[in-house]
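Single-letter residue listing:
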Amino acid sequence: MTYAITQTCCNDATCVAVCPVNCIHPTPEERAFGSTEMLHIDPRACIDCGACADACPVDAIFPVDALSAGQREYADINAAYYEGEEPPSAGDEVDGPNFHVWGEPVFERSLPSDFGPLRVAVVGTGPAGMYAAQDLLLHTAAEVTLIDRLPVAGGLVRYGVAPDHPATKKVGDTFSRFHSHPRVRMHLGIEVGRDVTAEELSAHHDAVIYAVGASTDKRLGVPGEDGPGCVSATSFVAWYNAHPEAVAQGVDLSAERVVVVGNGNVALDVARILVADPDALAGTDIAAHALEALRASRVREVVVLGRRGPEDAAYTRSELLALKHLPGVELVVDDHDPRTGASIDAAAGADDRAGVLRGLPRVRTDAASPARGERRIVLRFHSEVVEMRGEGGGVRSVRVTDGSGGGGGGTADLGAGLLLRAIGYRGLPVPGLPFDEASGTVPHEGGRVAGLPGSYVVGWIKRGPSGGIGANRTCAAETVGTLLADAVAGTLPAPTGDAKAFRRLARRRNRRVVDARGLAAIDRAERDRGRLDGRPRVKLATVDELVATARSGRLLRLGR
């Protein structure tokens, strides 16, 4: 029996480090690392020790014979990665049990013996920021100040991961253990540019790492986009994840058809949530207001538009495979353009995105709303939005390009009451830092902000909106490595204020700052509320609720 890596793989390579026979690839040292959708276990070399499964932060690794019906394809996906390679041979190792040759050991954090502790601020508590903090705390004696503009930690893990992906959210447990670390000071609810300046942050720390992500979305640039029936997927995801800035917006789910523009994992996430069984979602941490709206929803069909063909889709095979096994939901392909069927028929198989679609029903999406019946997701390729049409300020139809008959120059109108654009994210400028408008990132060299000694970036604000949660681990390692090299070289500016001075400054500027004890109080309250409803947690959905809970819990601990 061997193990296999499945859908929720986060790609952070924690499993690679613990494998005793080096059978998980690509490793961070290999060129393919970061370019594959997931890591793969070589079934010919796996010795069934289970070390990788124990170490996996998102519960993505299982014995092959324990895979559920919806996961069995992953045994083939893991094995297919190694097809064409020479099988491993025990003869490659001398006097040892390993089936693969090990390279020379690498010590990435080699610091002088007299290297003193640094005081580093990390702005952003999502995966990028927490991987950087983890690296500093585990490999150096650094003191870390965690800062976030929201009064609760988590970032993308809390507000970006779909609620029906609880295993993926478990990576947050890995990060949360550092929230109460003795060398961590937490200031939540502090925004750089509003409460403190970048210059003030630098004046109180040896270095500052900005992990602020890419918080806005790209636009379609078509008529009707500014109407109330067009919503960014960013806002929709924030809404169903109880983001404090999205609660009051609401989403109109009164139409039977929704059009989602985009072919990435986010597009599949929002499509899946729109047609999922609310009773199944009731066991997750989805926002209470979103669950109520989905129970009353009339949505029966979601049409997912992609500009290019199925072979060029940006979503991962894992997310697409999950759609094929969504209970009570039919997954179909719109064959309005003959190129779509041709790509699917010519695909190599399950190791090809187009090949995953083989065997799915092929339909034609017409202008009328879908007939009532089984809910379905329609994948429509080679199609772009031309215009949104409506009356009274709402969307009634979406005009799209139509390649029926192979002409490629026509258009079609799809009746729809809501359009969600999921065509990518974009970073916003950080006050006090340089910014590249073209890429939506901060210019840097190995994470070092150009022209600002002591300032660094990590995550999407550094490399653009690419890569999932695990990609931030290697990204953070590069940035922290650059920071430490600068420290050893003596090029970091000396701070003029200490940790206590910064704490006084932060609280003087914002009286509602949440610290680690306040965050723990929020966590307890949400879990307690969840237990009453049979859910993992019920999130506090407004800034006022979060701050009040943090304060009341802190005062209770202090005996006041």
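**Focus: the overall build of the chain**
- The secondary structure content of the chain amounts to 20 helices and 23 strands.
- In terms of C-alpha radius of gyration, the chain reaches 25 Å, essentially the compact-globule figure of 24 Å for 560 residues.
- Dimensions of the chain, computed from the C-alpha atoms along their principal axes, are close to 70 × 70 × 50 Å.
- Of the contacts formed within the chain by residues at least 6 apart in sequence, a portion of 75% connects residues at least 24 apart.
- On the chain, roughly 24200 Å² of surface is accessible, and the fraction owed to carbon and sulfur atoms is 50%.
- Taken as two groups, the 62 positive and 72 negative side-chain charges of the chain have centres that lie 8 Å from each other.

**What about the packing of helix α4 (residues 127-139) against helix α17 (residues 471-489)?**
- It is at 8 Å that the axes of α4 and α17 come closest, and there the two elements cross at 50°. Between α4 and α17, the angle is such that the two are oblique. The element α4 and its partner α17 pack so that their crossing is right-handed. Residues P127, A128, Y131, A132, D135 and L136 of α4 form the contact with α17, whose own contacting residues are N472, R473, A476, A477, V480 and L484.
- Class assignment of the residues belonging to the contact of α4 with α17 gives a composition of 9 nonpolar, 1 polar and 2 charged.

**Some points on the state of the cysteines**
- Overall, the coordinates contain 0 disulfides when judged by the stated rule.
- Its sulfur unpaired, C10 is 6.0 Å from the next cysteine sulfur, which belongs to C56.
- Counting only cysteine sulfurs, C23 is the nearest neighbor of C19, a cysteine outside any disulfide, at a range of 3.7 Å.

**Remarks on the sheet that holds strand β18 (residues 410-415)**
- Read from one edge of the open sheet, 3 strands run β16-β17-β18, paired in antiparallel fashion. Only two strands of the sheet have a single partner each, and these edge strands are β16 (385-391) and β18. Each adjacent strand pair in this sheet contributes to an overall mean axis angle of 25°, direction not counted.
- Two elements, strand β17 (residues 394-402) and β18, share 6 bridges in a ladder whose sense is antiparallel. Of the residues in β18, the one forming a bridge with R399 is D413.

**Here we look at the pattern of salt bridges**
- All told, the structure shown has 39 salt bridges when counted by the stated rule.
- Ionic pairing is found between R298 and E256, a salt bridge with its closest N-O pair at 3.7 Å. Of this pair, R298 sits in the loop between α12 (288-295) and β12 (301-305) while E256 is found in the loop between α9 (233-240) and β11 (257-261), placing the two residues 42 residues apart along the sequence.
- On the accessibility criterion, R298 (42% relative accessible area) is partly exposed.
- E256 gets classed as buried once you look at its relative accessible area, which sits at 12%.
- One salt bridge in this structure joins D515 and R507, with 3.8 Å as the shortest N-O distance. Pair check on accessibility: D515 and R507 agree, each one buried.
- Among the charged side chains, a salt-bridge network with shared partners connects R158, D523, E526, R527 and R537.

**As for α9**
- Within α9, 7 of the 8 residues are buried, which leaves the element mostly enclosed by the surrounding structure.
- Every buried residue belonging to α9 is among A233, T234, F236, V237, A238, W239 and Y240, and all of these are buried.
- Trailing α9 by a residue or two, A242 shows a phi angle of about 65°, which is positive.

**Here we look at the sheet that holds strand β15 (residues 375-380)**
- Within the open sheet, the 7 strands sit side by side as β10-β19-β11-β12-β15-β13-β14. Their pairing is parallel. Of all the strands in the sheet, just β10 (230-232) and β14 (362-363) have a single pairing partner and so form its edges.
- As judged from the 5 bridges shared by β12 and β15, these two strands associate in the parallel manner. The partner of V302 across the bridge, within β15, is I377.
- Across the sheet, α9 is in contact with β10 and β19 (418-421); its angle to β10 comes to roughly 70°.

**Digging into the pairing of β11**
- The element β11 is largely enclosed, with a buried count of 5 among its 5 residues.
- Side chains R257, V259 and V261 project from β11 onto one buried face, and the interleaved V258 and V260 project onto a second face that is buried too.
- Taken together, the 5 bridges between β11 and β12 define a ladder with parallel strand orientation. Bridged to R257 within β12 is E301.
- Note that β11 and β19 share 4 bridges and pair parallel. Counted as the bridge partner of V259 is L419 from β19.

**Remarks on the nonpolar core**
- Residues I24, I209 and Y240 are the most contacted members of the largest nonpolar core, which totals 120 residues.
- Residue contacts for I24: discarding those within four places in its chain leaves I5, C15, V16, C19, L39, H40, I41, C52 and Y82.
- In this structure, I147, V196, A198 and L433 belong to the second largest nonpolar core, which totals 21 residues.

**What to know about the confidence of the model for the chain**
- Chain-level statistics for the chain give a pLDDT mean of 89 and a share of 91% at 70 or above.
- The low-confidence segment residues 90-94 (pLDDT under 50) makes 7 contacts with residues lying over four places distant or belonging to another chain.
- Below pLDDT 50 for its whole length, residues 556-560 participates in 3 contacts with residues either more than four positions away or in separate chains.

**Quick notes on unusual backbone geometry**
- Across the junction of H25 and P26, the peptide omega takes the value -5°, indicating a cis bond.
- Looking at the secondary structure, you find P26 in the loop between β2 (24-25) and β3 (40-41).
- Of note, N22 is a non-glycine position whose phi angle comes to about 55°, a positive value.
- By the element assignment, N22 lies in the loop between α1 (14-18) and β2.

**Details of helix α13 (residues 317-324)**
- A large share of α13 lies buried, amounting to 7 of its 8 residues.
- Among the residues of α13, those classed as buried are R317, S318, E319, L320, L321, A322 and L323.

**Some remarks on the packing of helix α3 (residues 73-80) against α13**
- For the pair α3 and α13, the least separation of the axes is 12 Å and the interaxial angle reads 160°. As judged from the angle between their axes, α3 and α13 are roughly antiparallel. Between α3 and α13 lies a crossing of right-handed hand. From α3, E73, Y74 and I77 reach across to α13, where they touch R317, S318, L321 and K324.
- Residues that form the contact of α3 with α13 fall into these classes: 3 nonpolar, 1 polar and 3 charged.

Conventions adopted
- Residues numbered from 1 in each chain as written.
- Predicted model: local features only at pLDDT ≥ 70, side-chain atom pairs only at ≥ 80, totals over all residues.
- Heavy atoms only, no water.
- Helix = DSSP H or I, 4+ residues; strand = E, 2+ residues; numbered from the N terminus.
- Rg over C-alpha atoms; globule rule 2.2 N^0.38 Å.
- Contact = heavy atoms within 4.5 Å.
- Areas by Shrake-Rupley, 256 points an atom, 1.4 Å probe, with all protein chains shown as cover.
- Lys, Arg positive; Asp, Glu negative; His and termini not counted.
- Charge placed at Lys NZ, Arg CZ, Asp CG, Glu CD.
- Axes fitted to C-alpha atoms, helices over the stretch in contact; angles between N-to-C directions.
- Parallel < 35°, antiparallel > 145°, perpendicular 65-115°, else oblique.
- Left-handed = near helix turned anticlockwise from the far one by under 90°.
- Nonpolar A, V, L, I, M, F, W, Y, C, P; charged D, E, K, R; others polar.
- Disulfide = S-S within 2.5 Å.
- Pairing = 2+ DSSP bridges.
- Salt bridge = Lys/Arg side-chain N within 4 Å of Asp/Glu carboxyl O.
- Buried < 20%, exposed > 50% of the residue type's maximum accessible area, 1.4 Å probe, protein only.
- Core = buried A, V, L, I, M, F, W, Y, C linked by side-chain atoms within 4.5 Å.
- pLDDT = per-residue confidence, 0-100.

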